[in-house]
Structure formats: structure tokens, C-alpha cells
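Listed here are the chains, written in short residue letters.
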Amino acid sequence: MKPGISGKITSISGATVRTDLSGLTLFERVSVGLHNLTGEVVRLEKEGTVLQVYEDPSGLGLDEPVQGHGASLTTTLGPGLLSVMFDGLQRPLDILAAKTGSFIHPIHLESSLDLKKQWSFTPLVNKGDTVSGGVKIGYIDEGAFQHPIIIPPDKKGRVESMAQGAITLEEPLCSLEDGSRIFGYHSWPMRVPRPYRKKINPQGPVITGQRIIDFLFPLARGGTSIIPGGFGTGKTILEQTIAKHADVDIVIYAGCGERGNEMSELIEEFLELVDPRSKSPLMDRTVLVVNTSNMPVAAREASIYTAVTLGEYYRDLGFHVLLLADSISRWAEALREISSSLEEMPGEEGYPTYLASRLSSFVERAGVVETLSGDIGSLSMILSVSPPGGDFTEPVTQALLRTSGAFLMLDTGLANSRHFPAINWMQSYSLYQNTLADYFAKNVSRDWEVLRILCREIMHKEEALKEIMEIVGIDGLQEEDRLVMTVAEKIRSGFLAQNAYTADAFCSPQKTMDIIRSFTDQFLKGQDRTKGKPENETL
Ligand SMILES: Nc1ncnc2c1ncn2[C@@H]1O[C@H](COP(=O)(O)OP(=O)(O)O)[C@@H](O)[C@H]1O
Ligand SMILES: [Mg+2]
């Protein structure tokens, strides 16, 4: 905290507070009131400063003190993040409380990380080595996970001494010749993207284990998918199923403005489920950032920045990270609320005019990068959107459509008929499919692309034939069209639909291929029959 720079509260309107304190900077962190509530500077005026308070402001009074921190809101990065659930301001939440009820309370700690915990540190550099931002100087064993310790992006120098063995985060791991000390953790301003050497075009996929996604609308590592869908169309279940099964190293799950009890259930499941690759609980590769509907709305705005900064950190350690957010609409609503309390000029549907630019700069933080130390890391995003009334022309969906690579549209009709995941196969798309075709050809099957095109063709033909069939009935259709209808029905129920509550919740790409091949083979054979060709000439 900057000593001396303190002022008083001059007005309070909900979570928006004015102070006579000047000399603050935009987005600077502030402590507000007698209880030191966390807030951020959102506007500078000639006669003082406007603050947004991110904790429950009830109880705040006029003339209570305000203090600037001289730094913006930061995210603390280091060992001990995995398997923790944080609130939007990165305060650890009590998982036990979450398990017993839908009210999740923050634990009041000095730091987001446990600084007293003993870790075992193995150094990788020696006295005299030159190190700079991003360089790995050693690792800490965090259960089964080897957590690389990197030099913070803004530091460099020559190593004077290195620690080894049992250590806590309070003790320096490395001293540089200029006297600066490197600890096992560092902080980063959450609204500033972390630096990297360069961005690389996405190449491999994020295997989600969802057949319709991996096969028809795949997500590239470093890419972004959005999942817009009305209430009850399965956004949460889909995101949570992917969080459990995606083939990534680290999962950051941001529960943003959704129901608290859904998060409690998710945690229980995560604690029980085992990661098939590491054989340890799924929670061990997961960080949860939750700002449920019963927590202060304003902090929700900050929560996705906490989540993305965590994601970038693991990317910078050379990992493949998946960030899931449910739902971005609730974040946008928080932004709208803050904007309106500042009496800013509203744009479309009351959202601030900078909604689209905020969203696109958030989505731009996804990508595959060459890290500062030359490793490859990626941050992929899957963002759910809950458009009011299921209207996809609303501003949040539209803004995200322009910046995301894949669009998985959830369909109320499909959800009502209990077809899950309710992804509409006619209107969804993925711009990554051509990039990823090579990967699937090499790693799964050479005819992945041929069958994908054939599958889409069958589904499109079915759509075209539906109306005719309603009039003439299936028996009124030509034999060839009847075949389309029969196979399409099988593809819908046996391939595109996937129950999240059974062992079928995850399907490997190889199995995905085997299933679709059984249906397309049946189609091709049937076609040959209708054309009078002998069966053994197919494919
Ligand atoms: N993949 C799925 N498999 C089985 N049931 C599902 C699936 N997805 C959604 N459901 C059903 O739909 C309900 C609503 O899903 P939910 O994810 O909560 O919707 P949303 O988040 O869009 O409001 C769930 O409680 C569940 O019964
Ligand atoms: Mg939901």
C-alpha cells in the first residue's frame, strides 16, 4: 500500500463508491472502508475518483477511509493453485462448505497461496547462469504434478545462489547478483496479457471426447469455441463434461454467475473422478474460479480475468490449458451493471459501447505460443453464452461470433426432445476443421475427412427431406431417400447424442471413427443395393 495516499468515502451508490482521494491510476487496486474491502479504480475525475467495490458493500459508511495500493488487481501465480477453488478475486473458498451447501464462503488469508506450506524444490540452474523472464530455474513437486518455477516475465540477471530441497514460498529460491530475489510465486496484473515470444498457428485439436464436437466441429488447441444456448439446453453439463475429459494438462473452470449448488456438485464429482492419464483425482489438474449468483455481482467482472491469467501462467510453463467459462453472458451483465452505475452512455441493449472490444481482447488471450523460454504452450477457451430468450442476435453472442473459431449452437428443440448434447448440427460450425483434418488423418484414420463430409451430407439431406416426409410419410419416399432417413436417424441417436451420465460421456477419436464408420458403411452399402451394385464393391 502506498503510505500516506489515503482519502475518504464521499458517496456510496451500491458497489460504486466515490472518494476525494486523488493521485490514483485507472484500474489501481484500492482498499475501501473500515473493513478494507477490495475495489478497483474505474474512473478518474477532476474532483476525486470513482471506485468499484468487489465485496459486499453493505455496511460501508461515508467518511470511511480509502487507500490506494499503487498497483492494479493481480493474480498470484505459483505452486498450490491446483485443486483449489477461488472466488473472483482469487481468495480461496472453503471446499468443505461448498460440499455441505450452496453457500460458499471465502477464507480470509493474506495471500491466495499457502506461503507456509513445505514444498520440495529441485534447482535446474547454477550460480553464474544468466536467467531472464520465463526461464525455468527449477521445479517443485506438487503431488504428481511437476510445477516448473520460472523467472517472472519482467526480471533478469545472473544467478548468485540457489536453494534446494524443503522450502516454503516465503523463502527465496534464487538470488540474483543484483540482489533481487526470486520466489516460488509471483503476481501478475490480471487485466494485462502475459508476454510470450510469438504466437503460433493452432495445429492439434483439444479432444473433448464429445463425438459431435471432435468429429464435426472440432476445437483447435489455442482456439476458442462458444456455446450459446437458452436456459436448460445443457451448457453447464456440456462444459463440465468437457472439463472432466478434455485431453489437456490443466483445466481452469470459471463458474461465472451461475448457481452455487451446481459448483458444489461439480466439486464433489471432481473429487471422486480419476484422471485416466495421471491416475490422480481430476481436481489435481483443475483450478476453479467461482463467482456464483449469490456472490457480489461486481467481482464477477474481475473473475474471468483471474481465470485467464491463471490459464496464461500454465501456458507459460509449457502446458496445454483449457479455460471453460459458464457463462460469459453473466460476466457481460456484471459489466453492464457497473457501466450503468457509472452513468456511462449505454450501447445496444444497455451494454456499454466497449462490450465488443472487451470481449475480443479477452478472447485474444487464447492461443498457442512459443513461451519466453522457447517452450510451446497453449490456452484454449470454451465459453458458454446464455442469450436472453435464446435470441442469438443479441450483442454478447454477436460479439463473440466475430472473434471465436467455433460456434456450437445449442438447440431448445433438441434439448426438449432430450437429445443431448443439444448441439444443432445444421447451424454450428468450426473454422478449425481444415487445419485439423491433417491431424485426424495422421493420428486417427485416413478417411476421417471423407466420412465427416459424408456424415454432414446425410444430415443435410435428412433436413431437406423432413418436410416432404411429413406430407407423404416414410413409405411415400423413394428407396434412396428412405435410406437417408433411416441412417440419419441412427447417426442422430447412436452418434451425435451422447449421455453425459453414462460411460459414454467420453468417446475417444478412434471409437468415434468406428461408430460413424458403421453407419456410413451401412449407408454406402444401402446405396449400392438401391443402384443394384454387388455389395463387395463398396469403398
Ligand atoms: N449431455 C447430456 N446428457 C444427459 N443429459 C443432459 C446433457 N446435457 C444436459 N442434460 C440435461 O439437461 C438439463 C439442463 O442442463 P444444464 O446444463 O443445466 O442447462 P443450462 O446450463 O444450459 O441451463 C440437465 O439437468 C440434464 O438433465
Ligand atoms: Mg447452466
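What counts as what
- Every residue gets a number counted from 1 within its own chain, in the order that chain's sequence is written.
- Just so you know, chain letters begin at A and ligand numbers begin at 1, following the order they were written in.
- Predicted model: local features are reported for residues with pLDDT of at least 70 only, side-chain atom pairs are reported and counted for 80 or more only, and whole-chain, interface and lining totals are derived from all residues.
- Each side-chain value is worked out from all heavy atoms of the structure, with water and hydrogens disregarded.
- Domain start and end points were adopted from an automatic or database domain assignment.
- Throughout, a residue-residue contact means that at least one pair of heavy atoms, one from each residue, lies within 4.5 Å.
- Buried area: the sum, over both parts, of the accessible surface (1.4 Å probe) that disappears when the two are put together.
- Just to be clear on terms, a salt bridge is a Lys or Arg side-chain nitrogen sitting within 4 Å of an Asp or Glu carboxyl oxygen.
- Polar contact is defined as a pair of N or O atoms within 3.5 Å, subject to the rule that within protein one atom must be able to donate a hydrogen and the other to accept it, and that residues adjacent in sequence are counted only when both atoms are side-chain atoms.
- Whether two strands pair depends on DSSP finding at least two bridges between them.
- Numbering goes from the N terminus for both helices and strands, where a helix is a DSSP run of H or I of at least four residues and a strand is a run of E of at least two.
- Angles shown run from 0 to 180 degrees and are taken between the N-to-C directions of axes, each axis being a line fitted to C-alpha atoms and, for helices, limited to the stretch in contact.
- Neighbouring residues are identified by heavy atoms, a residue being near a molecule or strand if any of them is within 4 Å of it.
- Note that accessible areas follow from Shrake-Rupley with a 1.4 Å probe, and for residues the cover is restricted to the protein chains shown.
- Basically, the charged four are Asp, Glu, Lys and Arg, the nonpolar ten are Ala, Val, Leu, Ile, Met, Phe, Trp, Tyr, Cys and Pro, and anything else, Gly included, counts as polar.

Comments concerning the domain arrangement of the chain
Here is step 1: Assigned domains of the chain: these are domain 1 (6–72), domain 2 (114–184), domain 3 (198–418) and domain 4 (448–537).
Here is step 2: Placing the centre of domain 3 and that of domain 4 at their C-alpha centroids yields a distance of 32 Å.
Here is step 3: Contact residues are listed per partner, giving 13 residues for domain 3 and 21 residues for domain 4.
Here is step 4: Here domain 3 packs against domain 4, burying approximately 1,500 Å² in sum over the two surfaces, 66% of which is carbon and sulfur.
Here is step 5: Ranking the residues of domain 3 by area buried against domain 4 places Arg211, Phe215 and Leu216 at the top, with a combined share of 55%.
Here is step 6: At the boundary of domain 3 and domain 4, one finds one salt bridge.
Here is step 7: Of the charged contacts, one joins Arg211 and Asp504 as a salt bridge, the two residues approaching to 2.9 Å between their closest N and O atoms.
Here is step 8: The interface formed by domain 3 and domain 4 holds seven residue pairs in polar contact (both at pLDDT 80 or more) in total.

Concerning the sheet that holds strand E2 (residues 16–19)
Here is step 1: Sheet architecture is closed into a barrel: six strands sit in the order E1-E2-E5-E4-E3-E6, paired in antiparallel fashion. Mean inter-strand twist for the sheet, computed between neighbouring axes without regard to direction, equals 45 degrees.
Here is step 2: Where E2 meets strand E5 (residues 48–53), four bridges bridge the pair, whose relative direction is antiparallel. Its bridge partner being in E5, Val17 is matched across the sheet by Leu51.

Comments concerning the site of ligand 1
Here is step 1: In the vicinity of ligand 1 there are 15 residues, among which Gly232, Gly234, Lys235, Thr236 and Ile237 approach most closely.
Here is step 2: Within the contact set of ligand 1, an oxygen atom lies 3.0 Å away from a backbone nitrogen or oxygen of Gly234.
Here is step 3: Within the backbone of Ile237, an N or O atom sits 2.8 Å from an oxygen atom of ligand 1.
Here is step 4: With the chains in place, 82% of the 560 Å² that ligand 1 exposes on its own is no longer accessible.
Here is step 5: No other element matches the three residues that helix H3 (residues 235–245) contributes to the shell around ligand 1.
Here is step 6: Of the residues assigned to the shell around ligand 1, the class counts are five nonpolar, seven polar and three charged.
Here is step 7: Residue assignment places the shell around ligand 1 across two domains, with domain 3 (198–418) and domain 4 (448–537) each supplying three or more.

Quick notes on unusual backbone geometry
Here is step 1: The omega angle of the peptide bond from Asp326 to Ser327 is 0 degrees, so this bond is cis rather than trans.
Here is step 2: Within the fold, Ser327 resides in the loop between strand E24 (320–326) and helix H6 (328–341).
Here is step 3: With an omega dihedral of -10 degrees, the bond running from Phe420 to Pro421 counts as a cis peptide bond.
Here is step 4: Summarising the element assignment, Pro421 is placed in the loop between helix H9 (412–416) and strand E28 (429–430).
Here is step 5: Although it is not a glycine, Glu343 sits at a positive phi angle of roughly 55 degrees.
Here is step 6: Position of Glu343 relative to the elements: it lies in the loop between H6 and helix H7 (355–363).

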